[in-house]
Amino acid sequence: MSVSAALPLDQREILDGGTAVPALDPRWISKTRFVTYMPPPNDLSDQGQRGEWLERLHYIATDLRWLLQLPHHKFWCQVIFDETLHHTLDSFLRFAPRSYDRQYSIPTNAQEVHSQVMRLIFFTYLRMSTHKESKENWITPKVFGEILYENFLFDIPKLLDLCALYGHSNGPLLTKMVTNIFTHQPRYLDDLRATAPTLLQVLSNIVIRSGMESSSPDTTPQKLQGQSRQEVRNLENMSNEEFYDLLLFLSDTAVSLATFLTIYPPSCSVLHEFQFCQHLASMYEKVIPAFQAALKQQHHNSTREKQLFRFKLQQARQHLLMTFHLILSHTCLQPVMEKLNTPDEISKHVEDFLSTMSDVLGEKRFLADYEGQYSFQDDLEILSQAAGVLDDAHCKYIQEAINNAFAAHGTRKKPKGNTNTGGRTSPDGSPCPPLLPSNTDAELKPQDTPVAASASPHHFSVSECNSGLGTKRVTGIELESLIYAVKDLLPGLSDDFVKAALAEFDYNPELAVSAFLEDKLPDSLKHFSQPQEGNDAPSQVVNSLEPLEIEARRNIFDNDDFDVFHTDAVNVSAIHKGKRNKEAVLNDKSTIDELKPLYDAYGSMDVPSMYDKQVYEDEYDDTYDALNVGADDADSADELTQQRPFTVPRVLQQKESRPEESEESSEEEQDRPEAFVEDPATVRARQEAKFGRSQQETSGKYDVKGRGRGAGQTDQVLRNRRWKESHKGSRANHNRRAMADKKMKKGMF
């Protein structure tokens, strides 16, 4: 057997017994039957099921090692013509646990074997996507693309599964592999366009299965007789199995989409052609709040199961928002940042971005979560720096809508550092928390959960999705305040019971108190003791609160004649009911008697005043005249004048004589009146001259007229016009711009 190694594999022939046989021929395959992959059994504690599953894994690992060691032509013959190999690879992509999944708790010894199989499957697909292994072993690129497409070695669902399985651990290598496939076979892009309506239908099916929309578009009246009423299926009346199945479907769809768009960014433009962002936001607005409400109503077997459901929901939320952001970034922001397009194309990208955001402004909850995860203001800054001129009114309108949505439905982050600014309506100052915060206390451990993760910790783990459950956690002073709020109404409960109840009801004191009073506590709280029963609790609450309220009372009328809380005896005679008699009030002279001593002190015609008793004596006091006080001092009389000369006050100085002026000027001064007020005509002329000079100075700087029509305008003129448009309310027009924006928000025109 001889091989012509200089030719590509598709043109090469191999001599077998004197006969030239093409290198890609079914006779070169080996009669090996590959074993299909099966998911881990639900009960791995069963020795029989676990042993059978491990034996299957060993067979698959052995066969894949043999396949990867085959020569170039035999490997491709086995890949093209062996149907059992296709079944094995497809079954693994379908049933293998994802790296982000926490559905199986696999023992350590079984996990090592499973990781080996997972690694060998990846190497097999990697070799299948490589058209040139060396200088001797290679395939013509065009023929290589035809082999992949005609033999169904790859398709869009397989690529989605590959990205979901290996995207978080082998991202760069998987990106090179998928890019190579799309490069050598452009028809895969057509398949992706054909798959986009199917993806939209998947989103619609999730909404329909959640009970948010009806599956029948027929709106004609239906007969009531002879037809059985179909039970309305929604999330609240689903069983735990159905609810969890739909939640897993939503989570897997979101993770597969987000990972595929991350691995192969050009696919974002394909989905954007079908307005995928708008459909995604609409589905998010309908489904995610319904899942959150149903999750609180579902009866869970354990707290761990509830935490697992929350984890999958938060995982779906995060990757749906990531999908929306990736499509916008790669189709609108990235071309603008690269600056490889013409100004007209950049303007189209900017308009496309603003138009997409305007289309989703009605989805309030989606906008609140998106603003908490990704900042719209940051995207605007990127566009303004790269593209230049933006529509300020349009951007401001979108920003205000996002702020209003965040104020109504958003959740603020825990402040980091000195964050004194921002508030409920300021996502920039205090945005919403990450949907999957890194909280080790909230993590699901494999040994504690009924179903746990199964990926290899070395090669196929996802730390981003396994960092936490995203559940609300309250500690410190906030937790103490919630405990006091519950114990004010139910003082007999212990602190441990209140903490457990608050944690069970998402730290909502109203729900916790309502569940206790209606005796609808979940099973996880029934093992706590309940000391308060019957109608004794409300009376004890009142008795325990009254002294505290009285002691804390502060008022300007404290300790007055009518303060019954601090005074035992109250003058009842001073209290009068109804209207008083006017004559009785006027005849009452008790007030005059009370003020008489005060007026007598100031004196009257009959009584001397208290000031009359103080007589001033102006007799000269000669007590110290006999003593020579100050005569022997060393200071002289002119001590102050030597340090500073004496100065006559200005008001006492005499006017200096001016030189004599002509008789004509003196006569004019005598005839001219004193100018106390300046002539208004002179003032007017001076102000007009000043205004004219200012107009000449600023006419060229703030030019808004610009050139004639059709000649084009400069950037300075455009900036002056925008400045005048945004500030004209400060001079005239009486705030018409703001009222016009208000009408636009309300849809008046």
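Residues numbered from 1 in each chain as written. Predicted model: local features only at pLDDT ≥ 70, side-chain atom pairs only at ≥ 80, totals over all residues. Heavy atoms only, no water.

To continue, consider the overall build of the protein. Of the regular secondary structure elements, the protein holds 27 helices and two strands. Looking at the 749 residues of the protein, the share that counts as buried comes to 35%. Looking at the protein alone, contacts between residues at least 24 apart form 70% of all its contacts between residues at least 6 apart. Accessible area for the protein stands at about 48,100 Å²; split by element, carbon and sulfur atoms hold 51% of it. (Helix = DSSP H or I, 4+ residues; strand = E, 2+ residues; numbered from the N terminus. Buried < 20%, exposed > 50% of the residue type's maximum accessible area, 1.4 Å probe, protein only. Contact = heavy atoms within 4.5 Å. Areas by Shrake-Rupley, 256 points an atom, 1.4 Å probe, with all protein chains shown as cover.)

Let us now look at the packing of helix H11 (residues 276–297) against helix H12 (residues 303–338). At a minimum axis separation of 11 Å, H11 and H12 run at an interaxial angle of 165°. One element, H11, and the other, H12, form an angle in the roughly antiparallel class. Our pair here, H11 against H12, has a crossing hand that is left-handed. Between H11, through Phe 276, Cys 277, Leu 280, Met 283, Tyr 284, Ile 288, Phe 291, Gln 292 and Leu 295, and H12, the contact on the second element is made entirely by Phe 309, Arg 310, Leu 313, Arg 317, Leu 320, Leu 321, Thr 323, Phe 324 and Ile 327. The residue makeup of the contact of H11 with H12, split by class, is 14 nonpolar, two polar and two charged. (Axes fitted to C-alpha atoms, helices over the stretch in contact; angles between N-to-C directions. Parallel < 35°, antiparallel > 145°, perpendicular 65-115°, else oblique. Left-handed = near helix turned anticlockwise from the far one by under 90°. Nonpolar A, V, L, I, M, F, W, Y, C, P; charged D, E, K, R; others polar.)

Here we take up the pairing of strand S2 (residues 19–22). Bridge analysis of strand S1 (residues 13–16) against S2 gives four bridges, and the strand direction is antiparallel. By the bridge assignment for S2, Glu 13 is matched with Pro 22. Following S1, the chain reverses through two residues before pairing antiparallel with S2; Gly 17 in that reversal takes a positive phi of roughly 70°. (Pairing = 2+ DSSP bridges.)

What follows covers unusual backbone geometry. Positive phi outside glycine occurs at Phe 152, with the angle close to 55°. Phi angles above zero are rare outside glycine, and Gln 275 is one such case at about 55°. Here Gln 275 lies in the loop between helix H10 (267–272) and H11.

In terms of burial, helix H6 (residues 156–166) is a largely internal element, nine of the 11 residues being buried. Looking at the buried side of H6, the elements it contacts are helix H3 (83–95), helix H4 (108–128), helix H7 (171–184), helix H8 (187–209) and helix H9 (240–263). Its side-chain oxygen 2.9 Å from the backbone nitrogen of Lys 158, Asp 155 forms the N-cap of H6. (Polar contact = N/O pair within 3.5 Å; in protein donor to acceptor, adjacent residues only side chain to side chain.)

A word on a nonpolar patch on the surface. Taken together, Leu 595, Leu 598, Tyr 599 and Tyr 602 make up a surface patch of nonpolar side chains, about 470 Å² in accessible area. Within the secondary structure layout, Tyr 599 lies in helix H22 (residues 590–601). For Tyr 599, a relative accessible area of 58% puts it in the exposed group. (Patch = residues over 30% accessible without salt bridge, like charges linked within 9 Å, V, L, I, M, F, W, Y side chains within 5 Å. Salt bridge = Lys/Arg side-chain N within 4 Å of Asp/Glu carboxyl O.)

Judged by nonpolar contacts, the single largest core of 126 residues is most densely connected at Trp 76 and Phe 154. Sort the elements by how many residues they give to this core and H12 lands first, with 13 residues. Taken domain by domain, the makeup of this core includes at least three residues from each of domain 1 (9–184) and domain 2 (199–212 + 237–409). Those residues within four positions of Phe 154 in sequence are excluded, and the remaining contacts are Tyr 125, Met 128, Ser 129, Leu 148, Leu 159, Leu 162, Ile 181 and Tyr 188. (Core = buried A, V, L, I, M, F, W, Y, C linked by side-chain atoms within 4.5 Å. Domains from an automatic or database assignment.)

So, on to the environment of Thr 130. Relative to the helices and strands, Thr 130 resides in the loop between H4 and helix H5 (141–150). Given the relative accessible area of 28%, Thr 130 is considered partly exposed. Each C-alpha atom of the pair Thr 130 and Lys 176 lies 10.0 Å from the other, and the pair is 46 residues apart in sequence. A distance of 2.8 Å separates a polar side-chain atom of Thr 130 from the backbone oxygen of Leu 126.

This paragraph deals with the pattern of salt bridges. Considering all chains together, one arrives at 13 salt bridges under this definition. When the shortest N-O distance is used, the salt bridge between Asp 245 and Arg 209 registers 3.3 Å. Residue Asp 245 is located in helix H9, and its partner Arg 209 is located in helix H8; the two are separated by 36 residues in the primary sequence. Relative accessible area serves as the criterion here: at 38%, Arg 209 is assigned to the partly exposed category. One salt bridge in this structure joins Arg 686 and Glu 678, with 3.1 Å as the shortest N-O distance. Judged by its relative accessible area of 41%, Arg 686 is partly exposed. Among the ionic contacts, a cluster of salt bridges with common partners joins Glu 146, Glu 150 and Arg 187.

Its place among the elements puts Thr 331 in helix H12. Note on Thr 331: relative accessible area 9%, which makes it buried. Within the structure, Thr 331 has its side chain in polar contact with the backbone oxygen of Ile 327 (distance 2.4 Å). Other than its neighbours up to four places away in sequence, Thr 331 contacts Cys 268, Ser 269, His 272 and His 349.

Now for the environment of Glu 504. In this structure, Glu 504 sits in helix H18 (residues 495–504). When the C-alpha atoms of Glu 504 and Leu 525 are compared, they prove to be 8.4 Å apart, with 21 residues separating the residues in sequence.

On to the packing of aromatic side chains, then. Applying the stated rule across the entire model yields 20 aromatic pairs. Ring geometry for Tyr 37 versus Phe 92: centroids 4.9 Å apart, planes at 70°, classification edge-to-face. Of this pair, Tyr 37 sits in the loop between S2 and helix H1 (47–68) while Phe 92 sits in helix H3, and the two are 55 residues apart along the sequence. When sorted by exposure, Tyr 37 lands in the same class as Phe 92, which is buried. Seen from their ring centres, Trp 76 and Phe 144 are 6.0 Å apart, and the 85° between their planes marks the pair as edge-to-face. Here Phe 144 lies in helix H5 and Trp 76 lies in helix H2 (residues 72–81), a separation of 68 residues in the sequence. Each member of the pair, Trp 76 as well as Phe 144, is classed as buried. (Phe/Tyr/Trp six-rings, centres within 6.5 Å; stacked < 30°, edge-to-face > 60°.)

Next up on the list: the confidence of the model for the protein. In this model, the protein carries a mean pLDDT of 77, and residues with pLDDT of at least 70 account for 72%. Across the protein, element-level confidence peaks in H10 with a mean pLDDT of 95 and bottoms out in helix H20 (residues 536–552) with 44. Between residues 216–220, whose pLDDT stays under 50, and residues either more than four places distant or in other chains, the model counts zero contacts. Per-residue pLDDT stays below 50 along residues 414–471; that stretch engages in 139 contacts with residues further than four places along the chain or on separate chains. (pLDDT = per-residue confidence, 0-100.)

Of note, Asp 63 is situated in helix H1. Arg 65 provides the closest opposite charge to the buried, unpaired Asp 63, separated from it by 9.0 Å. Apart from the residues within four sequence positions on either side, Asp 63 is in contact with Thr 32, Arg 33, Phe 34 and Val 35. (Lys, Arg positive; Asp, Glu negative; His and termini not counted.)

On to the state of the cysteines. A complete count under the given rule lists zero disulfides for this structure. Of all cysteine sulfurs in the structure, the one in Cys 332 sits closest to Cys 277, which takes part in no disulfide; the separation is 7.8 Å. Look at Cys 277 and you get buried, because its relative accessible area is 0%. (Disulfide = S-S within 2.5 Å.)

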